[in-house]
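So the chains spell out like this:
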Amino acid sequence: MDQSAPTSNPNSDIQIPSQPIVPKELRFKNILCIEDERFISELYARALEKAGYSVTVEVDGKKGLEQARTNNFDIILLDIMLPSMTGIEILKALHDSGDRAKLKARFIITTNLEQKDETKAEIEKQADGYIIKAEVTPKQLVDFLQTLENPS
Amino acid sequence: MDYFDKLAKQIALYVFGAMVISSVITAVITWFCLYLFPTLPAALVIIGALAVGLISAFFASRVVAEYILEPLRVLWKAILHVSPGQHEVSPPDLEKIRIGRELVTSLALQVYQLASSTPSETKASEQTTSKTMIDHANILQTFPLPIFVMNKDRIIVFANPAAAAYIGKTLQEIIGINLYSVLDLAFSEGETFDQWLTKSRTSKVTSEKLWSHVRLSNGEQNGDKQLDMAAYYNKDSTDNAETIIALFDKTAEYAKNDDGMSFVAIAVHELRTPLTILRGYIEVFQDEVSGTLDPEMADFLRKMQASAQQLSSFVSNILHVARVEADQLYLQLHEEKWEAMLTSIVKDMALRAHVRDKKIQLSIQPNLPAAAVDTVGMYEVISNLIDNAIKYSGKSNRIIVRSYLRDDGLIETTVQDFGIGIPTSIIGNLFEKFYRNHRSRSSVGGTGLGLFLSKTIVDAHGGQIWVKSKEGEGSVFGFSLLPYAKLASEQKNTDNKDIKRVAHGWIKNHSFYKR
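Residues numbered from 1 in each chain as written. Chains lettered and ligands numbered in written order. Predicted model: local features only at pLDDT ≥ 70, side-chain atom pairs only at ≥ 80, totals over all residues.

**Looking at the overall build of chain A**
Moving on, step 1. Helix and strand counts for chain A stand at five helices and five strands.
Moving on, step 2. Ordered by position in the sequence, the α and β elements of chain A form the string β-α-β-α-β-α-β-α-β-α.
Moving on, step 3. Residues classed as buried in chain A amount to 41% of the 152 residues present.
Moving on, step 4. Look at the contacts in chain A between residues 6 or more apart in sequence, and 62% of them connect residues 24 or more apart. (Helix = DSSP H or I, 4+ residues; strand = E, 2+ residues; numbered from the N terminus. Buried ≥ 20, exposed ≤ 12 C-beta atoms within 10 Å, placed from the backbone. Contact = placed C-beta atoms within 7 Å.)

What follows is the structure, encoded as structure tokens:
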């Protein structure tokens, strides 16, 4: 076997269709990213904007809740550990005030924090999706959100 | 005593009647035969008539015996009717007695009187039972363990103050309420209380069981509790106490483990944040500048990328092992297209193989049935097996992943390398925690968590993991999975149908790996 410098495509042995082509008109275009780690929000915003999304970043939990209530967003990426208000509290506040049903946005929890099972059950009830950030690169996040465009 | 005289006369009359009947029969037959058949010898006629007379005497005496026994029978029934535990015996009908009615009626009435006078005595004994109940209750009042007593309808008929205090309610709020409305219990493994009780009811007279690591959801203000629980079932319990439950609080003790768990959770969170960022920026470089780099730099970049990936897998491994240790690894099995899932995981692993100059060949039998899989867990299993294959491949550079349907209907998946192999002396210990091939420690990194975790996860799927290896020739690790249809037919589980778990996350009604 060839032991020299690896070829450019490490996946050449495996037949997998290439990345899905991003449709020109996104149904879920406007994204609110509530994330206090600026490096992460920077990476997410960059990858999502390249894919044609429009991204607003919010660092603070309470401000994120206010932004969410404007109903300007199709997708809300919601971190859990946030200053002033956790992601779970945001979901709960929206749910308890009855606003959640009025919002068009899909809520995707993006976190690195492992949840207790009770919290997990709560999240499963309230959110539309859940990802562990460390396991998903920004481009994979884009793929993930693409599944919203093409419901199975 | 008149009654007896009367009865004696009646019996005598019946016996006399029976004797007269048989004598008359004998005489009539004798006369009849001699008159009709004068040729017959008289001796023969008399013997024949005597025989007939004796037979009729026999039957007549049976009838008489029945009549004479009747008063006794009636008395017997009357006594049975009033004795405890024989309530199904109906009272005798005194009107229908043919002989000795007065005597039997009077005796039966005396029996009834005795029986109805016993209530005063029975009451006394009842008082003693309820008194012992009260004594027991008194003892239990001050008993520090929470105790609940339930009747056959699972209604709490008794609880002690310790029980009320433990769940933060008053006794009035507990007694008379269904147990399940009072105690919201979650059992960590094996039979639940309800399953045990149902089973005990169908097959046992008494039964007892102890559960450990039970979780009690206790409302927001009281907080959750962790406990051990003992239950005793007694089908024939006389005082409505079919099942008795005692709780042993272990919240503080088990919370220590939880603290250990939350330490791991915090550490994992802290590790993951910079990892997320590293992987994100590396991806930007990979996508946007790798084409302009010289081959060596591009190679370095891939190595960074692969190593960051490996680190995040390892961090997940730590977390899951901590979960296993704390009995908190919960898997949810869902219907997954196995071919698509395996392909996707192998694709994720390709970079890691590539930077170590290994190539993964994937061979999947077409038209495999959908598998019952917890996607996060299964991702760990396959990535661990492939990581091991990469680590222990030595100079060989081929890794083969196969998946096929076994004859017994299970889906088998194997990961084969052609590397250093495993000595037979240690092959039995491979799936133990922290076990490693010590001879290879100098050349190969790793913690010995991967195989332990893989086995735990495969076991939880209802599958089996195995290894075949020969030193110097390589190893094959394989595991079996249940097709979803098989699992679904074994246990109907339609909960959470709208949620699909995917590796490292989930999305409602969508599959991350659908491509």
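**Some thoughts on unusual backbone geometry**
Most peptide bonds take the trans form, and the phi angle of most residues other than glycine is negative.
Residues and elements named next belong to chain B.
Moving on, step 1. At Asp 357, a position not held by glycine, the phi torsion is positive, near 60°.
Moving on, step 2. Considering the arrangement of structural elements, one finds Asp 357 in the loop between α11 (338–355) and β8 (359–364).
Moving on, step 3. Positive phi outside glycine occurs at Asn 367, with the angle close to 60°.
Moving on, step 4. With respect to the helices, strands and loops of the structure, Asn 367 is situated in the loop between β8 and β9 (371–373).
Moving on, step 5. We classify Asn 367 as exposed; it has 7 C-beta atoms within 10 Å.

**Quick notes on the sheet that holds strand β5 (residues 225–234) of chain B**
All names here are of chain B.
Moving on, step 1. Taken in spatial order, the six strands make up an open sheet running β2-β1-β6-β5-β4-β3, and their pairing is antiparallel. Both edges of this open sheet fall to β2 (156–159) and β3 (184–187), since each of them pairs with a single strand only. Direction aside, neighbouring strands of the sheet carry axes that sit 35° apart on average.
Moving on, step 2. Along the sheet, helix α7 (residues 193–203) contacts β3, β4 (206–217), β5 and β6 (243–249); its crossing angle with β5, the most-contacted strand, is approximately 5°. (Pairing = 2+ DSSP bridges. Axes fitted to C-alpha atoms, helices over the stretch in contact; angles between N-to-C directions.)

**Re helix α12 (residues 375–391) of chain B**
Moving on, step 1. If you check α12 of chain B, its first and last C-alpha atoms are 24 Å apart, about what 17 residues at 1.5 Å a residue would give, namely 24 Å.
Moving on, step 2. For α12 of chain B, the buried fraction is high: 16 of the 17 residues fall into the buried class. (Expected span 1.5 Å × (residues − 1).)

**Quick notes on the packing of helix α1 (residues 2–36) of chain B against helix α2 (residues 42–82) of chain B**
Residue and element names in this part refer to chain B.
Moving on, step 1. Packing of α1 against α2 brings their axes to within 8 Å, and their N-to-C directions diverge by 160°. As judged from the angle between their axes, α1 and α2 are roughly antiparallel. Considering the relative orientation of α1 and α2, their crossing is right-handed.
Moving on, step 2. Broken down by class, the residue content of the contact of α1 with α2 amounts to 20 nonpolar, seven polar and no charged. (Parallel < 35°, antiparallel > 145°, perpendicular 65-115°, else oblique. Left-handed = near helix turned anticlockwise from the far one by under 90°. Nonpolar A, V, L, I, M, F, W, Y, C, P; charged D, E, K, R; others polar.)

**Remarks on helix α13 (residues 450–460) of chain B**
All names here are of chain B.
Moving on, step 1. The buried count for α13 comes to nine of eleven residues, which makes it a mostly enclosed element.
Moving on, step 2. For α13, the complete set of buried residues consists of Gly 450, Leu 451, Phe 452, Leu 453, Ser 454, Lys 455, Thr 456, Ile 457 and Val 458.
Moving on, step 3. Against α10 (295–325), α12, β12 (465–470) and β13 (474–481) lie the buried residues of α13.
Moving on, step 4. Of the residues one or two after α13, Gly 462 is the one with positive phi, at around 85°.

**Some points on the pairing of strand β5 (residues 129–132) of chain A**
All names here are of chain A.
Moving on, step 1. The alternating pattern of β5 places Gly 129 and Ile 131 and Tyr 130 and Ile 132 on opposite faces, both of which are buried.
Moving on, step 2. The pairing of strand β4 (residues 106–111) with β5 spans four bridges and is classified as parallel. Across the sheet, Ile 109 pairs through a bridge with Tyr 130, a residue of β5.

**A look at the pairing of β4 of chain A**
All names here are of chain A.
Moving on, step 1. Judged by how many residues are buried, β4 sits mostly within the fold: five of six residues are covered.
Moving on, step 2. In the sheet, strand β3 (residues 75–78) pairs with β4 via four bridges, with the strands oriented parallel. Residue pairing in the sheet places Ile 75 in a bridge with Arg 106 of β4.
Moving on, step 3. In terms of handedness, the path from β3 via helix α3 (residues 87–96) over to β4 forms a crossover that is right-handed. (Right-handed = clockwise from strand over helix to strand, strands pointing away.)

**Focus: the sheet that holds β13 of chain B**
Residue and element names in this part refer to chain B.
Moving on, step 1. The strand order across the open sheet formed by five strands is β8-β10-β11-β13-β12, and the pairing between neighbours is mixed. Edge positions in the open sheet fall to β8 and β12, since each of these has one partner strand only. Along the sheet, successive strands turn relative to each other by an average axial angle of 15°, direction set aside.
Moving on, step 2. The sheet contact formed by strand β10 (residues 398–405) and strand β11 (residues 411–417) spans seven bridges and is antiparallel. Within the sheet, the bridge partner assigned to Arg 402 lies in β11 and is Thr 414.
Moving on, step 3. Packed on one face of the sheet, α11 meets β8, β10 and β11 and runs near 170° to β8.
Moving on, step 4. Contacting β8, β10, β11 and β13, α12 runs over the sheet at an angle of about 20° to β11.

**Structural notes on the environment of Pro 366 of chain B**
Moving on, step 1. Summarising the element assignment, Pro 366 of chain B is placed in the loop between β8 and β9.
Moving on, step 2. Between the C-alpha atoms of Pro 366 of chain B and Leu 405 of chain B, which are 39 residues apart in sequence, the distance is 9.5 Å.

**Considerations on the nonpolar core**
Moving on, step 1. Among the nonpolar cores identified, the biggest contains 93 residues, and Ile 31, Tyr 44, Ile 75, Ile 76 and Leu 77 of chain A together with Ile 360 and Ile 386 of chain B are the most heavily contacted of them.
Moving on, step 2. Broken down by element, the residue count for this core peaks at nine residues, all from α12 of chain B.
Moving on, step 3. Phe 148, Tyr 166, Trp 211 and Leu 227 of chain B belong to the second-largest nonpolar core, a separate cluster that totals 24 residues. (Core = buried A, V, L, I, M, F, W, Y, C linked by C-beta atoms within 7 Å.)

**A short note on the confidence of the model for chain A**
Moving on, step 1. Averaged over all residues, the pLDDT of chain A equals 82, while 81% of them reach at least 70.
Moving on, step 2. Every residue in residues 1–18 of chain A is under pLDDT 50, and counting partners more than four places away or in other chains gives 25 contacts. (pLDDT = per-residue confidence, 0-100.)

**Considerations on the packing of α10 of chain B against α13 of chain B**
Residue and element names in this part refer to chain B.
Moving on, step 1. For the pair α10 and α13, interaxial distance at closest approach is 10 Å and the crossing angle is 55°. Taken together, the axes of α10 and α13 lie oblique to each other. Helix-helix and strand crossings are classified by hand; for α10 and α13 the assignment is left-handed. Residue-level inspection shows Asn 317, His 320, Val 321 and Val 324 of α10 in contact with α13, the latter providing Gly 450, Phe 452, Leu 453 and Thr 456.
Moving on, step 2. For the contact of α10 with α13, the residue count by class is four nonpolar, four polar and no charged.

**Here we look at the environment of Asp 459 of chain B**
Moving on, step 1. Within the secondary structure, Asp 459 of chain B is located in helix α13.
Moving on, step 2. Between the C-alpha atoms of Asp 459 of chain B and Leu 481 of chain B, which are 22 residues apart in sequence, the distance is 9.4 Å.

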